[in-house]
Amino acid sequence: MLMKKFFFSLMVCLFALTQVHAQRTVSGKVTDDTGETLPGVNVVIKGTTTGTTTDLDGNYRLQVNDGDILIYSFVGFEAQEINAGTRSVIDVTMGGATELQEVVVVGYGESTTKKLTGSIDKVDAKKFEQVPLPSFDNILQGNVAGLNVQGTSGMPGGATNVRLRGIGSINAGSAPLYVLDGVPINVGDLSRDQQTANALASLNPNDIENVTVLKDASAAAIYGSRAANGVIIITTKKGKPGQTKFTLRVQQGVSERRDDPFDVMNSAQFTEYMREAVVNAGGNPDDAGSASTYYPIAPDTVDTPWLDLAFQDGSLKSYELSASGGDDKTRFFISGSFLDQEGIAVQTQLERFTSRFNIDHSATEKLTFGVNLTIANAKQNGRYGAGTSFGDPIYGGMYLSPLYRIYATQEQIDNGEDRGTGFNFNTPGFSNHNHVATQALSSNVANTFRTTGKVYLNYDLLEGLTFNQSVGLDMVRINEDSWTSQNHPDGVNDGGFVTAVSTFNRDYVITSTLNYNTSFNDVHNITVLAGNEFQSANRESIDVTANNFPSDKLRTINSGAENFGYGAFGTEWSIWGIFSRVNYNFDERYFVDVSVRRDGSSRFGANNRFATFYSVGAGWNIVDESFFNVSFVDQLKLRGSWGTSGNQSIDNFASRGLYQFGSYDGQSVSFPSQLDNPDLTWEQSQQVDIGIDYSLFQGRLNGSIDYYNKETTDMLLEVPISRTTGFEELDQNLGTMVNKGWEFTLSSVNLQMGDFSWATDFNISVNDNEITSLPEGADIPDGNNIQRVGESVNSWYMPVYAGVNPANGAPLWYDEDGNVVTAYGQADRQIVGNPVANVLSGLTNTFQYKGLSLSAFLFLSHGNDVYRSVSRFINSDGSRFGRNQSTEQLRRWQQPGDITDVPIIKQGNTDGGNNASTRQIHDGSFLRLRNVTVAYNLPANMASKMKLTSVRIYAQGQNVKTWTKYPGLDPEVGIDGVDFGLYPQPRSYTVGIDIGF
C-alpha cells in the first residue's frame, strides 16, 4: 500500500513539473460509504477561503491550480484531504465520523461523543439491515456492553427480555424505557391469549437509522421517573436533499431446529422403561388382567416420533421498498415492507405489513415542522395450549407415548371413535390429546394493528433560542381469536368453543421544550434545555367465549348457541414532568452537564406523588491539553457522572385501597380487596459512573472503559403483613440493592493492505448484583427463588442433590450441614445458583476485499444457572408413569453397584427424586455464532450500466452454532431462568439482494 502510494505520488510530481500552473476546473460527486449522494459538503482549497458546496445531487465544480490540496468536510463525517494533481474529475467517498466527533441522539436533543459526559452506546443501521429477525431488540444482543438481551421464545414475534446493567428491581419492572423518535412506546407482551408476543415486532428494523442506549444517570436522568433501568432511544431514517433514492430489498430463507442433545424415548426404549418400572414396583408387566401394570412388548409397527412431529423446517420471505430524498424545503423517507416468517414449531407463523412516513418541511428560515409515522399490521399464529397442554406440539411432543398412533385404525373409524376426522383420540393419560390432530382442529391467531408517530414544530425565536412542540401517539389494538373444534378433546363436551379477546392500548405524550445555545470569548459554550411533558395511557380489554357451534365452519362468536364466559376491564395512568439540562464546556476541553427533572405520577400515594431526580456529569479531553504530546493517541477523554432516576413500573392502582364486586344470594356486593398506602412512592436508583474514551493510532483502535455502581433504594416490595388486617401483603418502599460492574468496548482495524481489510468490534461486561437490605433483614422466599441480604436477586433456593445410592438406586440429598440424607423432607433448602448471567460479550470480525465481505458475530452469555423445571416430568423416575421420558433416563440405576445420577425407576415412584433440587439446575452459559454474512457489492460502474446506483447480494446464517453444556432444547430461556419446554431459537439461512436506483 505504501509502495503504491509512493509511486503514485512520484508520477504526479513528475507530471506536474512538465505542466504550466494554469487554473482549471475540477468537478466530481461526493457520496457516503453506502453510495448515497451528499449535498452541502464543503469543498475548500487548503490554505485559502476559496471553495464551494455540493448541490442536491452531490455534484460540485471548482477552479483550482495544479497540485492544490482539496479539503472535503461535512457534519458527521471525517474530513478528507485530496491532492487535485492534474485531474479534472475527482469523486469522493466520505467515511463515517471520527469516534469522538460522531453525532449521537440524547434525551430531547443531540450531541457529539466528544461532548458527552455520560455512558452512551450507539448502534447504527448497518447492524439492523438484512438481519432475519422480526424485532430489533433481538439484534441488540451482544452489540451493546452491559445490555442483557434474552429471547424467551424462538416463536416468530416472540417476546424478549432486555435488562441493562443487571436486574434493577425485585417486584417492580426492570425493562428499559423505549423512546421512538421522541415518543415513549409500549414494549413487551401486550397480548392476553397468546403464549408470547413482542410489541416491538411491529417495527421494521430496516427503518431504523440508529439506536442509542443511555446507561448512566448523566445520560438518562433527564427522563426522570422512568429511567432507573436505562433508556433505549430509537431514531428512524430521514430523507436528505437530493435526487430521490429508491431501495428494494428482497430476502428469502429457511430455518430449522439446532443440533441440541435433547431427545425422548422411542417405543422400544419406552416399553423397556415401563416394564422395568412395573417390576421395580412389585408388579408383573405381562399380567393382562391388570390394566394398570400391563405393558407387553411393543409391536414394531407403532413408534410415533411425537417430538419430531412438533418441529418442521421454517421459512422466511421479506420484501421491502423505500424512497428518500427531497430538497432544501422538504425531505422525506417512505417505506413499505412485508414479512412472512414460518416458525420451526408447527402452527406458528408471523405475517407483518409495515409502512413508514417521515416528512420534514422548512416553511421559512425559522419554522420547521414535520411528521414521523409508522403503521403496522401483524398476524401471529400461536400454538394451542400455550405450552401447558398435551395438545401443544412441543409440550405434547415430549410426553405423548410413542405407542400411540397418530391416525385412527379402520376399526376406530368404523366405530366413530375418530369423530369423522381420521385421527386417533385413544390416548389415555393425556386427556385424549393428539397434537397432530390439534393442529387441524384448533387455531390461535392474534392480529395487531399499531400506529406510532408524532407531529412536531420547531421555531427559532431568537438567535440561538429554539422552541419545539411535539405531540406523540402510540396506539395498539390486538384482536385475538382462538377456535377449538367440537371434535377436539377439549371441545367435544362443549360443542366446540371460540374465544375472542380485544385489547386496546392508547398512549399519548405532549412535549414542549426551549433550547438555547450560546458561546462567548470563543471558549465558553453553553446549551440550556428546559421542558414540560405530559403523558397519559389507558388500556381496555374485553373477552367473550361462546360454545355449542352447529358446524366447525362457523367460527365467530355470534354462531355459538350460548356465551359461557365473558369479562372486561379498563385501566389508565398518567405522568407529568418538568425538566432542565445545562451543558457547559470550556474550549471543548472541560465539560460539565447538570440535569434536573420533577415528575408526578398517578400510580403513587397521595402523600408522595411527586419526586425530583437530578444528575451531574463532567468530562476532560486530555488529548487537547498542551502538555499532552503522545503521538499515537488521537483522542483521550476522562468522564464521570452521578445522579438519580426513578422507577414507576408497578400496577396502576398499587397505592389505592380497592374494592372487589360480585354477587351473594342474588345480590350485588362489594368487599375490600387491597389496603391503601398513601405513602407509596418512587423506587429510586442512584448511580455513579467513571469512564475513559480513547482513539489510538490514527483511529485504528477505538474504545471505552466504564465502571459503574448503581444502588436501588426504596424498593417497591410486596411486604407480608399481619393477617389480622384481613390481608397478607402490602406494597411498600423497603429494601436496597446494588449492581456494580465493568464494561469494555474495543473497535480495531487489524489489517489494511491494499484492497483487503480486517476489522474487529468487541465488547464485554461483568455485573455483580447484591441485595443489601430487606424489611427487618428477613428472607423473602418465593417458590424456588429467594431474596436474601448479601445474595443476588431471585437466587435459586432448593435442596442440593447428592446423587444416587449405588446399593439400592435411591436418590440422596444434603442437609445444611453437608450430611447425606435419604428423604427429601430431611434435605434443607439452600441457595444454589443465580438465574441471571453476570458476563456478557460480543465479538464481530469483518473481512473485506474490494466488493466482497465476510463477517462473523459471536455472542457469549456466562454465569447463569437454569432451572430446567420440565426435567421433573420428563425425568420423573416413574412417578409420571405412562408418559414418555427423556433419553437421559436410559442411564438410570438398574443393579447394585451402578454409579449414576439417575435413580431407580418405579411405577408411581414416591422417592422424591424428581422433586425440585439441584438435579434440575444446570449451567446456562453458552457461546453462540449468532450471525455469519457473506456479501458482494457490485462495482459502481457495473451497477450504473444497469441504470442502478448500487447492488448488494448476500447470504447469511443466524444462530449457526451453539456451544453449551445445557442438556435442554436451548440454553436461552429468558431472564427468569426457567425452562418448561420453551420454544428454542431457530437456526436460519437466508439469501437476499438490495438494489438501489
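Residues numbered from 1 in each chain as written. Predicted model: local features only at pLDDT ≥ 70, side-chain atom pairs only at ≥ 80, totals over all residues. Heavy atoms only, no water.

- An unreviewed UniProt entry lists the chain under the name TonB-linked outer membrane protein, SusC/RagA family, from Ekhidna lutea.
- Regarding the chain, the relevant UniProt record gives this comment under Sequence similarities (unreviewed entry): "Belongs to the TonB-dependent receptor family." (UniProt positions renumbered as here; feature names shortened; annotations may be inferred.)

**Thoughts on the overall build of the chain**
(1) Moving on: Looking only at helices and strands, the chain features 10 helices and 51 strands.
(2) Moving on: Overall, the C-alpha framework of the chain stretches about 115 × 65 × 65 Å when taken along its three principal axes.
(3) Moving on: Counting only residues that meet the buried cut, the chain has 52% of its 997 residues in that class.
(4) Moving on: Contacts spanning at least 24 positions in sequence make up 68% of the contacts within the chain whose residues lie at least 6 apart.
(5) Moving on: About 42600 Å² of surface is accessible on the chain, with carbon and sulfur atoms providing 54% of the total.
(6) Moving on: Considering the chain, the positive charge centre built from 74 side chains and the negative charge centre built from 109 side chains are found 6 Å apart. (Helix = DSSP H or I, 4+ residues; strand = E, 2+ residues; numbered from the N terminus. Buried < 20%, exposed > 50% of the residue type's maximum accessible area, 1.4 Å probe, protein only. Contact = heavy atoms within 4.5 Å. Areas by Shrake-Rupley, 256 points an atom, 1.4 Å probe, with all protein chains shown as cover. Lys, Arg positive; Asp, Glu negative; His and termini not counted. Charge placed at Lys NZ, Arg CZ, Asp CG, Glu CD.)

**Section: the domain arrangement of the chain**
(1) Moving on: The domain architecture assigned to the chain consists of domain 1 (23–93) and domain 2 (103–237).
(2) Moving on: Here the C-alpha centroids of domain 1 and domain 2 sit 38 Å apart. (Domains from an automatic or database assignment.)

**Description of empty space enclosed by the protein**
(1) Moving on: By the definition in use, this model includes 13 cavities of 30 Å³ or more.
(2) Moving on: In this structure, the largest cavity encloses a volume near 280 Å³.
(3) Moving on: As for the largest cavity, its lining consists of 31 residues, and the residues nearest its centre are Leu-133, Pro-134, Gly-154, Gln-341 and Pro-986.
(4) Moving on: With 3 residues, the single largest contributor to the lining of the largest cavity is strand S17 (residues 242–256).
(5) Moving on: Class assignment for the residues of the lining of the largest cavity results in 10 nonpolar, 19 polar and 2 charged. (1 Å grid on protein atoms, 1.4 Å probe; cavity = no way out; pocket = protein on both sides within 12 Å on 5 of 7 lines; lining within 4 Å. Points joined across faces, edges and corners; volume = space filled by probe spheres on them. Nonpolar A, V, L, I, M, F, W, Y, C, P; charged D, E, K, R; others polar.)

**So, the sheet that holds strand S14 (residues 183–184)**
(1) Moving on: Pairing in this open sheet of 5 strands is mixed, and the strands run S10-S15-S16-S13-S14 from one edge to the other. Of all strands in the sheet, those with a lone pairing partner are strand S10 (120–124) and S14, marking the two edges.
(2) Moving on: Pairing analysis gives 2 bridges linking strand S13 (residues 177–180) to S14, with the strands arranged antiparallel. Residue pairing in the sheet places Val-179 in a bridge with Pro-184 of S14. (Pairing = 2+ DSSP bridges.)

**Quick word on the pattern of salt bridges**
(1) Moving on: Following the criterion strictly, the structure yields 36 salt bridges and no others.
(2) Moving on: Across the pair Asp-689 and Arg-165 runs a salt bridge whose closest N-O atoms are separated by 2.9 Å. Here Asp-689, found in strand S32 (residues 683–696), pairs with Arg-165, found in the loop between strand S12 (160–164) and S13; they are 524 residues apart in sequence, far enough to count as distant.
(3) Moving on: Residue Asp-689 is classed as buried on the basis of its relative accessible area, which comes to 1%.
(4) Moving on: Take Arg-165: its relative accessible area is 1%, and that puts it in the buried class.
(5) Moving on: Measuring nitrogen to oxygen at the nearest pair gives 2.7 Å for the salt bridge that ties Arg-919 to Asp-877. Of this pair, Arg-919 sits in the loop between helix H9 (871–874) and strand S48 (921–923) while Asp-877 sits in the loop between H9 and S48; the two residues are 42 residues apart in sequence, bridging distant segments of the chain. Each member of the pair, Arg-919 together with Asp-877, is buried.
(6) Moving on: Members of the salt-bridge network, linked through shared partners, are Asp-121, Arg-165, Lys-215, Lys-637, Arg-639, Asp-689, Asp-693, Asp-706 and Glu-743. (Salt bridge = Lys/Arg side-chain N within 4 Å of Asp/Glu carboxyl O.)

**Notes on the pairing of strand S5 (residues 69–73)**
(1) Moving on: On S5, burial follows the alternation: Leu-70 and Tyr-72 on one face are buried, whereas Ile-69, Ile-71 and Ser-73 on the facing-out side are not.
(2) Moving on: Pairing geometry for strand S2 (residues 42–45) and S5, over 4 bridges, is antiparallel. Note on S5: the bridge partner recorded for Asn-42 is Ser-73.
(3) Moving on: Across 4 bridges, S5 lies against strand S6 (residues 80–83) in antiparallel orientation. Bridge assignment links Ile-71 to a residue of S6, and that residue is Glu-81.

**Things to note about the nonpolar core**
(1) Moving on: By size, the foremost hydrophobic cluster in this structure holds 28 residues, and its most contacted members are Phe-262, Phe-311, Ile-394, Met-398 and Tyr-399.
(2) Moving on: Breaking this core down by element, the ones donating at least two residues are helix H5 (306–309), helix H6 (393–399), helix H8 (435–441) and H9.
(3) Moving on: Per-element tally for this core: the top contributor is H6, with 4 residues.
(4) Moving on: Look past the residues within four positions of Phe-262 in its chain and what remains in contact with it is Arg-257, Leu-307, Met-398, Arg-868, Ile-874, Ser-886, Glu-888, Pro-967, Gly-968 and Leu-969.
(5) Moving on: Within the second largest apolar cluster, 24 residues are counted, among which are Val-149, Tyr-178, Val-211 and Val-213. (Core = buried A, V, L, I, M, F, W, Y, C linked by side-chain atoms within 4.5 Å.)

**What to know about the environment of Thr-160**
(1) Moving on: Note on placement: Thr-160 falls in strand S12.
(2) Moving on: Among the residues examined, Thr-160 registers a relative accessible area of 11% and is labelled buried.
(3) Moving on: Along the backbone, Thr-160 and Ser-757 are 597 residues apart, and their C-alpha atoms lie at a distance of 35 Å.
(4) Moving on: Ignoring any residue separated from it by four or fewer positions in sequence, one finds Thr-160 in contact with Asp-137, Asn-138, Val-149, Gln-150, Gly-151, Thr-152 and Asn-198.
(5) Moving on: One polar contact links Thr-160 to Asn-138, side chain to side chain, over a distance of 3.5 Å. (Polar contact = N/O pair within 3.5 Å; in protein donor to acceptor, adjacent residues only side chain to side chain.)

**Looking at the sheet that holds strand S40 (residues 795–798)**
(1) Moving on: The sheet built from 4 strands is open, its strands ordered S38-S39-S40-S44 with antiparallel pairing. Two strands bound the open sheet, and with one partner strand each, they are strand S38 (780–782) and strand S44 (830–833). Across the sheet, the mean angle from the axis of one strand to that of its neighbour is 45 degrees, orientation sign disregarded.
(2) Moving on: Judged from the 2 bridges that link them, strand S39 (residues 785–787) and S40 form a sheet pairing that is antiparallel. Of the residues in S40, the one forming a bridge with Ile-786 is Ser-795. (Axes fitted to C-alpha atoms, helices over the stretch in contact; angles between N-to-C directions.)

**Overview of the environment of Glu-588**
(1) Moving on: By secondary structure assignment, the location of Glu-588 is in the loop between strand S26 (562–586) and strand S27 (590–601).
(2) Moving on: Its relative accessible area of 26% is what places Glu-588 among the partly exposed residues.
(3) Moving on: Distance in space between the C-alpha atoms of Glu-588 and Lys-115 is 7.3 Å, their sequence separation being 473 residues.
(4) Moving on: Filtering out sequence-adjacent residues up to four positions away, Glu-588 remains in contact with Lys-114, Lys-115, Asn-525, Asn-621 and Asp-624.

**A word on unusual backbone geometry**
(1) Moving on: If you check the backbone angles, Asn-432 has positive phi at about 60 degrees while not being a glycine.
(2) Moving on: The topology assignment puts Asn-432 in the loop between helix H7 (410–414) and H8.
(3) Moving on: The phi torsion at Asn-959 lies on the positive side, around 55 degrees, for a residue other than glycine.
(4) Moving on: Relative to the elements of secondary structure, Asn-959 occurs in strand S50 (residues 950–964).
(5) Moving on: Residue class for Asn-959 comes out buried when judged on its relative accessible area of 5%.

**Some points on the packing of aromatic side chains**
Each aromatic ring pair is specified by the distance between its two centres and by the angle formed by the two planes.
(1) Moving on: All chains considered together, the criterion is met by 26 aromatic pairs.
(2) Moving on: Between the aromatic rings of Tyr-108 and Phe-579, the centroid separation amounts to 4.4 Å while the plane-to-plane angle is 20 degrees, which identifies the pairing as stacked. You can see Tyr-108 sitting in the loop between strand S8 (103–106) and strand S9 (109–112) and its partner Phe-579 sitting in strand S26, a full 471 residues away along the chain. As far as burial versus exposure is concerned, Tyr-108 and Phe-579 are alike and both buried.
(3) Moving on: A network of ring pairs unites the aromatic residues Phe-390, Tyr-395, Tyr-399, Tyr-404, Phe-430, Phe-873 and Phe-980 as a single cluster. (Phe/Tyr/Trp six-rings, centres within 6.5 Å; stacked < 30°, edge-to-face > 60°.)

**A word on helix H4 (residues 267–280)**
(1) Moving on: The terminal C-alpha atoms of H4 lie 20 Å apart, and with 14 residues this matches the ideal 20 Å at 1.5 Å per residue to within 8%.
(2) Moving on: Burial in H4 covers these residues: Ser-267, Phe-270, Thr-271, Tyr-273, Met-274, Arg-275, Glu-276, Ala-277 and Val-278.
(3) Moving on: Regarding H4, its N-cap is Asn-266, as a side-chain oxygen of that residue lies 3.2 Å from the backbone nitrogen of Ala-268 further along.
(4) Moving on: Looking at the residues trailing H4, positive phi occurs at Gly-282, about 90 degrees. (Expected span 1.5 Å × (residues − 1).)

**Quick look at the confidence of the model for the chain**
Low pLDDT marks stretches whose predicted atomic positions should not be read closely.
(1) Moving on: Residues of the chain with pLDDT of at least 70 account for 95%, and the chain-wide mean is 89.
(2) Moving on: pLDDT under 50 marks residues 1–22. Its contacts with residues more than four places away, or in other chains, come to 12 contacts. (pLDDT = per-residue confidence, 0-100.)

**Regarding the environment of Gly-429**
(1) Moving on: In this fold, Gly-429 is placed in the loop between H7 and H8.
(2) Moving on: On the basis of relative accessible area, Gly-429 is assigned to the exposed category, the value being 56%.
(3) Moving on: A C-alpha to C-alpha distance of 67 Å links Gly-429 and Lys-637, two positions 208 residues apart in sequence.

**Quick notes on the side chain of Ser-322**
(1) Moving on: Following the sequence through the fold, Ser-322 ends up in strand S18 (residues 314–326).
(2) Moving on: The class of Ser-322 is buried, set by a relative accessible area of 7%.
(3) Moving on: Once residues lying within four places of it in the same chain are set aside, the contact partners of Ser-322 are Lys-245, Phe-246, Thr-247, Phe-333, Ile-334 and Ser-335.

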